[in-house]
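Here is what each chain is made of, one letter per residue.
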Amino acid sequence: MSLLTVNNLKVHYPIRGGILRRKIDVVRAVDGITMELERGETYGLVGESGSGKSTSGRAIIGLESPTAGEVTFEGQKLNQLKRQDRREYYKDIQMVFQDPYSSLNPKKRVNDIIAEPIRNFEKRTKDDERRRIQELLELVGLSPESMHKYPHEFSGGQKQRLGVARALALQPKLIIADEPVSALDVSVQAQVLNFMKEIQRELDLTYIFISHDLGVVRHMCNRIGIMYNGRFVEEGSAEDVYDNPQHIYTKRLVAAIPDIDPANRKHQTDFRREVKKEYDNKKAEFFDEHGGVFDLKQVSSTHYAALP
Amino acid sequence: MSDRSLLEIDNVQTSFRVGDSYYAAVDGVSLNVERNEVLAIVGESGSGKSALAFSIMGLHNSHKTKIEGSIRLNGKDVNHLSTSELNKVRGKDMGMIFQEPLTALNPLKTIKDQITEALDLHTNFSAKQQNERALHLLNEVGIPRADKVMNQYPHELSGGMRQRVVIAIAISCDPSLLIADEPTTALDATIQSQILDLLNELKEEKDSGIILITHDLGVVAEMADRVAVMYAGQVVELADVMSLFKQPKHPYTRSLLSSVPSTQDEKDMLHVIQGVVPSLPKMPRTGCRFKARIPWMADDTHEENPELREVADGHYVRCTCYKHFYFPEEEAEKDVAAHRE
Ligand SMILES: Nc1ncnc2c1ncn2[C@@H]1O[C@H](COP(=O)(O)OP(=O)(O)OP(=O)(O)O)[C@@H](O)[C@H]1O
Ligand SMILES: Nc1ncnc2c1ncn2[C@@H]1O[C@H](COP(=O)(O)OP(=O)(O)OP(=O)(O)O)[C@@H](O)[C@H]1O
Ligand code: SF4
Ligand SMILES: [Mg+2]
Ligand SMILES: [Mg+2]
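Keep in mind it's a predicted model, so treat the numbers as computed, not measured.

Would you take a moment to explain the interface of chain B and chain A for this structure?
For an interface, size is often stated in terms of accessible area lost upon the parts coming together. Across the boundary between the two partners, chain B contributes 62 residues, which contact 59 residues of chain A. Summing the contributions of chain B and of chain A, the shared interface buries around 4800 Å²; its carbon and sulfur component is 53%. Summed over the shared surface of chain B and chain A, the number is four salt bridges. Note that R272 of chain A and E222 of chain B form a salt bridge whose closest N and O atoms lie 2.9 Å from each other. Joining chain B to chain A, the criterion identifies 17 residue pairs in polar contact (both at pLDDT 80 or more). The set of elements that each furnish at least two residues to the side of chain B that touches chain A consists of α3 (101–104), α7 (159–171), α8 (189–206), α9 (217–223), α10 (241–246) and α11 (251–259) of chain B. If you tally residues by element for the side of chain B that touches chain A, the top one is α9 of chain B, at seven residues. Here the residues of the side of chain B that touches chain A sort into 25 nonpolar, 23 polar and 14 charged.

As structure tokens, this is what we get:
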């Protein structure tokens, strides 16, 4: 049995306008995505900024009510559960939020921020709780005295690590990590990524890993889904997606990965210009007459792409 | 001062009050930026990059922060300006793309209002012109359905859309110095490259200078003319981009470059620098600040208080013993190789 199945999930938002803030339009933030995760795997969610990655994550942990579709966790359809029973499930699914600034209460000290999920779900003595918090801080490379500080006293990357520590507090089964390392220098990033891999092995954790850094995604993920405009344009292994992209959007995305060698600057610029030309020429073939993304078609045993 | 010079920072020290004492987060930084130049600043998370940027922009809370040293923009001291003088300079002479878009945006105002606000302050545009300019800017930063987004609020946008709104505001009045603090971290690679192209064009067109703060070494490799590497509040290496990537000298720079996950490499675990940066009050103020992170180096190879020295043309390093530096893994590999022979 898969750990998590997402079936034709849709989340639409109304757009309001005018003085009366009436509904004038709708944003199809997530418009029919389907995915299946096995226990212990890391699924990479990448793609266009604004394509619905964070919204998908929020819908899976129940912070957003889907317009359509369903989310099944350990065989249980989550949207059919009663409030009370849902709580138990959501303890097992945690999210590291993309904006560490907005998800950390500025008025609370770090120990209260990290203790919050622990207090909600576990009964621990004060001493035990403090020990656990220090352990979690250490795991993400922050000093134990950080406990007594407020979020604004941390740098961008330090705040991001607090978010990771909090998500780990309850030892969940599934972690949705939304840009968990984007504000970190590469060395601390390496530390957090190594650590995520280690605990994954130890605890048989499953990750949905949302990131714009395609190098990091390749390093971390078994399978990758590429989103564009609320839909998947491609899904496959790292090799499928990076070395043999089938959809023109994926191709352009992969071509845009910055090259770490400054000597290749000129070559990269030329290469991207070519791919952009190809994109503009061929774009019409890859989208339907309304610019919509086609349904996924199987390309190989592991590889799917939204082709006509 | 050369006539190409735009910004000159000399021995800047920015200290935060923690309890009753002040601790320096930026500790004696001297840098300069020329017109039409991109100076990248990279470095450890918490090493003082944003604190330095805020010091240049005059954005620190003056009751809790002390800024010493000199900061000159176009030859004019900007460190001791009054709030009203600063308001004239900010936005027009210098603009900033903030690392934390949400804190830079007003949650209660529409995107349109936030962009036109800046225009109101620094241009004589009519309301209609302001609107057009705002829409144009949103299109320039690649926001789809820009006309709709104009009427939305920050919380209704994705992370990357917010970041692009902050970019639009920062460039709205064509500042001569643009400080971009992690401008593209929330953006997909395609839009990232579009934004970097846009910043480059603006720079050339307006002959302006850019300070690019980022953890993405690929972005540095593609954008920067020169690179400053910061560790624990100090610049530890400064060089043109090619030398920095091809002949990095400081142990910290070398460690950073070896931590990057590549799209080719199949290594399971990534290189990590041992230990953590000490918190501000615990920072050693004498001796080399990086020493604790490379314990395998013999004690007597470290200089007491290394200074930033020029070791090759335009290449500065704060470390005297870099020539002897090695990674333990390298040594181990050499041993294994020697053993085989
Ligand atoms: N509360 C909301 N009200 C209206 N629209 C919203 C709301 N939240 C998100 N959206 C819209 O939904 C779309 C998807 O947003 P989402 O945050 O999921 O994107 P994302 O893929 O995570 O992007 P990024 O990579 O930039 O973080 C965007 O167009 C956004 O404007
Ligand atoms: N308002 C503040 N009060 C006290 N300490 C602060 C404050 N702001 C930052 N610091 C501390 O100053 C140091 C430098 O922070 P800064 O934000 O400049 O780091 P940074 O180099 O930008 O890091 P990042 O790459 O993570 O954004 C950090 O140790 C941070 O904890
Ligand atoms: S002076 Fe010594 S301790 Fe400092 S960076 Fe150089 S090698 Fe390391
Ligand atoms: Mg997002
Ligand atoms: Mg910062």
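I keep staring at the coordination of the magnesium ion (ligand 5) and nothing clicks. Help me out?
Octahedral metals with six donors have ideal donor angles of 90 or 180 degrees. Tetrahedral metals with four donors have an ideal donor angle of 109.5 degrees. Residue and element names in this part refer to chain B. Taken together, S50 (OG) and Q99 (OE1) make up the protein donors of the magnesium ion (ligand 5), found 2.0 to 2.2 Å from the metal. In this pair, S50 sits in helix α1 (residues 49–57) while Q99 sits in the loop between β6 (94–97) and α3, placing the two residues 49 residues apart along the sequence. Judged by its relative accessible area of 12%, Q99 is buried.

Would you mind showing me how to read the packing of helix α4 (residues 111–122) of chain B against α7 of chain B here?
When two helices pack together, their arrangement is given by the angle between their axes and by how far apart the axes lie. All names here are of chain B. Direction vectors running N to C along α4 and α7 enclose 20°, while the axes themselves pass 8 Å from each other. The orientation of α4 with respect to α7, classified from their angle, is roughly parallel. Judged by the sense of rotation from one axis to the other, the crossing of α4 with α7 is right-handed. Mapping the contact onto sequence places I111, Q114, I115 and A118 in α4 and V165, A168 and I169 in α7. Considered class by class, the residues forming the contact of α4 with α7 number six nonpolar, one polar and no charged.

Help me out: how do you make sense of the coordination of the magnesium ion (ligand 4) in this one?
Residue and element names in this part refer to chain A. Every protein donor of the magnesium ion (ligand 4) is accounted for by S54 (OG) and Q98 (OE1), and the metal-donor separations fall at 2.0 to 2.2 Å. Placement of the pair is S54 in helix α1 (residues 53–60) and Q98 in the loop between β6 (93–96) and α3 (100–103), with a sequence separation of 44 residues. On the basis of relative accessible area, Q98 is assigned to the buried category, the value being 17%.

Before we go on, may I ask you to explain the site of ligand 2 in this structure?
Neighbouring ligand 2 are 20 residues; E153 and S155 of chain A together with S45, G46 and S50 of chain B lie closest to it. Ligand 2 is flanked by residues contributed from chains A and B. Contacts to ligand 2 include H215 of chain B, whose side-chain N or O atom sits 2.8 Å from an oxygen atom. Taken together, the elements giving at least two residues each to the shell around ligand 2 come down to α6 (156–168) of chain A together with α1 of chain B.

Quick question: what am I supposed to make of the domain arrangement of chain A here?
All names here are of chain A. Segmenting chain A into domains produces domain 1 (4–229) and domain 2 (250–308). For domain 1 versus domain 2, the distance between C-alpha centres works out to 28 Å. Each partner contributes residues to the interface: domain 1 has five residues there, and domain 2 has seven residues. Both sides together, the interface formed by domain 1 and domain 2 hides about 500 Å², and carbon and sulfur atoms give 77% of it. Contact with domain 2 buries area across many residues of domain 1, yet L214, I226 and Y228 alone supply 80% of it, more than any other trio. Where domain 1 meets domain 2, there are zero salt bridges. Taken together, the links from domain 1 to domain 2 amount to zero residue pairs in polar contact (both at pLDDT 80 or more). Contributions of two or more residues to the side of domain 1 that touches domain 2 are made by β3 (42–47) and β9 (223–228). Looking at the side of domain 1 that touches domain 2, its residues break down into four nonpolar, one polar and no charged.

Where do I start with the packing of aromatic side chains in this structure?
Aromatic ring pairs are defined here through the distance separating the ring centres and the angle between the ring planes. Residue and element names in this part refer to chain B. Scanning the entire structure with this criterion turns up eight aromatic pairs over all chains. Look at Y231 and Y252: their rings are 5.1 Å apart centre to centre, the planes differ by 50°, and that puts the pair in the tilted class. Of this pair, Y231 sits in strand β9 (residues 226–231) while Y252 is found in helix α11, placing the two residues 21 residues apart along the sequence. Judged by relative accessible area, Y252 falls into the buried class, the value being 0%. Relative to F327, the ring of F325 has its centre 5.2 Å away and its plane inclined at 80°; by these criteria the two rings are edge-to-face.

I keep staring at the site of ligand 1 and nothing clicks. Help me out?
Neighbouring residues of ligand 1: 23 residues in total, closest S49, G50, S54 and T55 of chain A together with G160 of chain B. S51 of chain A has a polar backbone atom sitting 3.2 Å from an oxygen atom of ligand 1. Residue S54 of chain A places a side-chain N or O atom 2.7 Å away from an oxygen atom belonging to ligand 1. Alone, ligand 1 offers 640 Å² of accessible surface; in the complex the protein occludes 94% of this. Within the residue set of the shell around ligand 1, elements represented by two or more residues are β2 (22–37) and α1 of chain A together with α7 of chain B. Sort the elements by how many residues they give to the shell around ligand 1 and α1 of chain A lands first, with four residues. Across the shell around ligand 1, the residue classes break down as six nonpolar, 12 polar and five charged.

How should the pairing of strand β1 (residues 5–18) of chain B be read in this particular structure?
Remember that side chains alternate between the two faces of the sheet whenever the strand is regular. All names here are of chain B. As judged from the 11 bridges shared by β1 and strand β2 (residues 21–34), these two strands associate in the antiparallel manner. Along β2, the bridge assignment pairs V18 with S21. Hairpin connection, β1 to β2: the antiparallel pair is bridged by two residues, and G19 has positive phi, about 65°. Pairing of β1 with strand β4 (residues 65–73), which is carried by eight bridges, proceeds in the antiparallel orientation. Across the sheet, the residue bridging to E8 is R72, located in β4.

Help me out: how do you make sense of the nonpolar core in this one?
Ranked by internal contacts, the top residues of the largest apolar core, which has 61 residues, are I114, L137, L162, F209, I224, I226 and Y242 of chain A. Among the elements that take part in this core, helix α7 (residues 186–203) of chain A stands out by supplying seven residues, more than any other. Counting only domains with at least three residues in this core, you end up with domain 1 (4–229) and domain 2 (250–308) of chain A. Counting residues in hydrophobic clusters, the runner-up holds 34 residues, among them V141, A146, L187 and L212 of chain B.

Could you clarify how one ought to interpret the domain arrangement of chain B in this entry?
Residue and element names in this part refer to chain B. Here chain B is described as being made up of domain 1 (5–224) and domain 2 (231–340). On a C-alpha basis, the centroid separation for the pair domain 1 and domain 2 is 30 Å. Each partner contributes residues to the interface: domain 1 has 19 residues there, and domain 2 has 18 residues. Of the roughly 1500 Å² buried between domain 1 and domain 2 on both sides combined, carbon and sulfur atoms contribute 66%.

When you look at the UniProt feature "domain: ABC transporter" (unreviewed entry) in chain A in this model, what are you seeing that I'm missing?
Following the UniProt record, one finds the feature "domain: ABC transporter" (unreviewed entry) at residues 15–254 of chain A. A distance of 32 Å separates the end C-alpha atoms of residues 15–254 of chain A, which is 41% helix and 25% strand.

The rules behind each value
- Throughout this document, residue positions are counted from 1 along each chain, in the order its sequence is written.
- Following the order in which they are written, the chains are lettered starting with A and the ligands numbered starting with 1.
- Side-chain atom pairs in this predicted model are given and counted only at pLDDT of 80 or more, local residue features only at pLDDT of at least 70, and totals for whole chains, interfaces and linings cover all residues.
- In computing side-chain properties, one takes all heavy atoms of the structure into account and sets aside hydrogens as well as water.
- Two residues form a contact once any of their heavy atoms are found within 4.5 Å.
- A quick way to say it: buried area is the sum, across both parts, of accessible area lost when two parts are put together, with a 1.4 Å probe.
- Whenever Lys or Arg places a side-chain nitrogen within 4 Å of a carboxyl oxygen from Asp or Glu, that contact is recorded as a salt bridge.
- Pairing of N or O atoms within 3.5 Å defines a polar contact, subject to two protein rules: one partner must be a possible hydrogen donor and the other a possible acceptor, and residues neighboring in sequence count only if both atoms are side-chain atoms.
- Every helix listed is a DSSP run of H or I at least four residues long, and every strand listed is a run of E at least two residues long, numbered separately from the N terminus.
- In this classification, Asp, Glu, Lys and Arg are treated as charged, Ala, Val, Leu, Ile, Met, Phe, Trp, Tyr, Cys and Pro as nonpolar, and every other residue, Gly included, as polar.
- The donor set comprises N, O and S atoms within 2.8 Å of the metal, extended to 3.2 Å for Na, K and Ca; water molecules are omitted, so apparent gaps in a site may simply reflect that omission.
- Exposed residues in this analysis have more than 50% of their type's maximum accessible area, buried residues have under 20%, and partly exposed residues fall in between, with area computed by a 1.4 Å probe over protein chains only.
- Every angle, taken between N-to-C directions, lies between 0 and 180 degrees, and every axis is a line fitted to C-alpha atoms, over only the stretch in contact when it is a helix.
- Any angle that is under 35 degrees is reported as roughly parallel, and any over 145 degrees as roughly antiparallel; angles of 65 to 115 degrees are reported as roughly perpendicular and all others as oblique.
- The hand of a helix crossing depends on one turn: near helix anticlockwise from the far one by less than a right angle means left-handed, and clockwise means right-handed.
- Any residue with a heavy atom lying within 4 Å of a molecule or strand is counted as near it.
- A domain assignment, automatic or from a database, supplies the domain bounds used here.
- Here a Phe, Tyr or Trp ring, Trp counted by its six-membered ring, pairs with any other such ring whose centre lies within 6.5 Å, and the pair is stacked when the planes are under 30 degrees apart, edge-to-face when over 60, and tilted otherwise.
- In short, Shrake-Rupley with a 1.4 Å probe defines the accessible areas, and a residue's cover is counted only from the protein chains shown.
- A pair of strands is considered paired only if DSSP assigns at least 2 bridges between the two.
- Only buried residues count toward a nonpolar core, which is a set of Ala, Val, Leu, Ile, Met, Phe, Trp, Tyr and Cys residues joined through side-chain atoms within 4.5 Å.
- UniProt positions are given in the numbering used here, feature names are shortened, and annotations may be inferred rather than shown by experiment.

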